[in-house]
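# Structural features, examined
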Amino acid sequence: MRIAIISDIHGNQVALEAVLQDLDSQPPVGQIIIAGDLCLNGPRPKEVLDIVQGLHCPVIQGNVDKEVVDDNGVSGPKKRNIIAWTREQIGREGIDYLAQLPFSYRVHNPDGSDILVVHANPQNVEQAIFPNAQDEELTELLASVEQNVGALVFGHLHIPYIRRWHSLLLFDVGSCGLPRDEDVRASYGILNWRNGTWEPEIRRVEYSLDKVIKQLKKCGIPHSDKRAKILSNARY
């Protein structure tokens with residue numbers, strides 16, 4: 001059993017297409033799962049939604065997906081401007097699609113050791129699981145994870161990492177469209193069930209950053225210079 005997980009696309013169509021092309025070059029996967037944050041902050045939100053929906057795969061809701069749906073709860077004029085622009089691009093149909101996305105998705109493994117996919121953590125879509133999180137914090141955040149879940153997969157932090165905590169594999173697949181680990185390449189993850197355990201792989205994929213920056217400058221998204229700088233620097 002091989003599962004691919006893509007998270008935090010953030011309206012970056014070029015990065016998503018590069019990831020899907022890379023995935024096609026790998027050994028076949030049984031399923032693709034999208035772990036949230038589909039379209040905000042990028043130049044091609046509608047195109048990304050069209051591609052994601054065309055995959056006919058499980059998709060869960062991220063924190064910025066919720067913000068696009070419920071723009072009244074967002075503070076800060078800059079973010080509200082970008083949300084308003086994104087809502088205009090994706091239209092009512094796109095907003096309704098984001099609104100109905102579930103919180104999590106579970107892959108049932110007939111051999112045991114299921115996969116649980118969430119956006120940030122099993123409790124909410126806001127609090128990141130950091131790679132150096134202390135035991136007390138992990139105990140609290142992961143309290144609801146059932147014993148037959150062997151791998152918890154997520155994004156949100158935009159920094160990919162692999163960590164084993166007790167019997168649980170923690171797998172942050174990073175960000176497809178907006179990395180923050182000082183590596184501008186798109187990131188996604190593959191889980192392979194072999195010899196009674198989940199083997200994680202973080203894949204990094206080059207794409208045309210210049211093309212996306214040109215799209216940002218031409219698409220009309222508010223604060224395009226800031227979005228381009230964040231994308232180019234790939235750090236917080």
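So, here is what we can say about the structure in this document. In this numbering scheme, every chain counts its residues from 1 along its sequence in written order. Residue-level local features of this predicted model are given only where pLDDT is at least 70; pairs of side-chain atoms are given and counted only at 80 or more, and the full residue set underlies all totals for whole chains, interfaces and linings. Computation of side-chain values: all heavy atoms of the structure, hydrogens and water removed.

All right, on to the pattern of salt bridges then. When the charged atoms of two side chains with opposite charge come close together, those side chains can pair. A carboxyl oxygen of Asp or Glu within 4 Å of a side-chain nitrogen of Lys or Arg is what we treat as a salt bridge. Enumeration according to the criterion identifies eleven salt bridges in this entry. Here Asp50 makes a salt bridge to Lys46, at a shortest N to O gap of 3.1 Å. Taken together, the positions of Asp50 and Lys46, both in helix α2 (residues 45-55) and four residues apart, correspond to about one turn of that helix. If you follow the salt bridges from partner to partner, you end up with Asp181, Asp183, Arg185 and Arg204 in one network. Strands are runs of DSSP state E lasting at least two residues, helices are runs of H or I lasting at least four, and both sets are numbered from the N terminus onward.

All right, on to the packing of helix α1 (residues 13-24) against α2 then. Helices that pack against each other are described as a pair by the angle of their axes relative to one another and the distance between those axes. Convention adopted: a line fitted to C-alpha atoms gives each axis, helices being fitted over their contacting stretch, and angles between N-to-C directions are expressed from 0 to 180 degrees. Running from N to C, α1 and α2 point in directions that differ by 25 degrees, and their axes come no closer than 9 Å. Viewed along their axes, α1 and α2 adopt a mutual orientation that is roughly parallel. Like other packed secondary-structure pairs, α1 and α2 cross with a definite hand, here left-handed. On α2, the residues touching Gln13, Leu16, Glu17 and Leu20 of α1 are Glu47, Val48, Ile51, Val52 and Leu55. The labels follow the angle: roughly parallel below 35 degrees, roughly antiparallel above 145, roughly perpendicular from 65 to 115, and oblique for the rest. Crossings are assigned a handedness: left-handed for a near helix turned anticlockwise from the far helix by less than a right angle, right-handed for a clockwise turn. Pairs of residues are marked as contacts when any of their non-hydrogen atoms sit within 4.5 Å.

A word on the sheet that holds strand β7 (residues 168-172). If DSSP finds at least two bridges between two strands, the strands pair. In spatial order, the strands read β3-β4-β5-β7-β6; together these five strands make up an open sheet with mixed pairing. Bordering the open sheet on either side are β3 (105-107) and β6 (161-165), each of which pairs with just one other strand. Sheet twist, expressed as the average angle between the axes of neighbouring strands with direction ignored, equals 20 degrees. Where strand β5 (residues 149-154) lies against β7, four bridges are found, and the strand directions are parallel. Among the inter-strand pairings, Ala151 is bridged to a residue of β7, identified as Leu169.

Those residues of helix α7 (residues 224-233) that fall on the buried side of the exposure criterion are Ser224, Arg227, Ala228, Ile230 and Leu231. Relative to the axis of α7, the buried residues are bounded by an arc of 165 degrees and lie together on one face. Facing away from the buried surface of α7 by more than 90 degrees, the exposed residues are Asp225 and Lys229. Next to the buried residues of α7 lie α4 (77-99) and α6 (209-219). Within two residues after α7, Ala234 carries a phi angle of roughly 55 degrees, on the positive side. Buried means the residue's accessible area, taken with a 1.4 Å probe over protein chains only, is under 20% of the maximum for its type, while exposed means over 50%, and partly exposed covers the values in between. It is the directions from the helix axis to the C-beta atoms whose arc is reported.

Now for the nonpolar core. If you look at the biggest cluster of nonpolar residues, it comprises 47 residues, and the most contacted ones within it are Ile6, Leu16, Ile34, Leu38, Val52, Leu98 and Tyr207. To qualify as a nonpolar core, a set must consist of buried Ala, Val, Leu, Ile, Met, Phe, Trp, Tyr and Cys residues joined through side-chain atoms within 4.5 Å. In terms of nonpolar packing, the next biggest core, distinct from the first, is built from 17 residues, Ala128, Leu138, Phe154 and Leu157 among them.

Summarising the element assignment, Arg204 is placed in strand β9 (residues 197-205). Residue classification places Arg204 among the buried positions, given a relative accessible area of 17%. Whenever two N or O atoms come within 3.5 Å, that pair is a polar contact, provided that in protein one can donate a hydrogen and the other can accept it, and provided that, for residues adjacent in sequence, both atoms are side-chain atoms. There is a polar contact of 2.6 Å between the side chain of Arg204 and the side chain of Asp181. A distance of 2.9 Å separates the side chain of Arg204 from the backbone oxygen of Arg185, its partner in a polar contact. Discounting chain neighbours no more than four positions away, the residues touching Arg204 are Pro160, Pro179, Asp181, Asp183, Arg185, Ala186 and Ser187.

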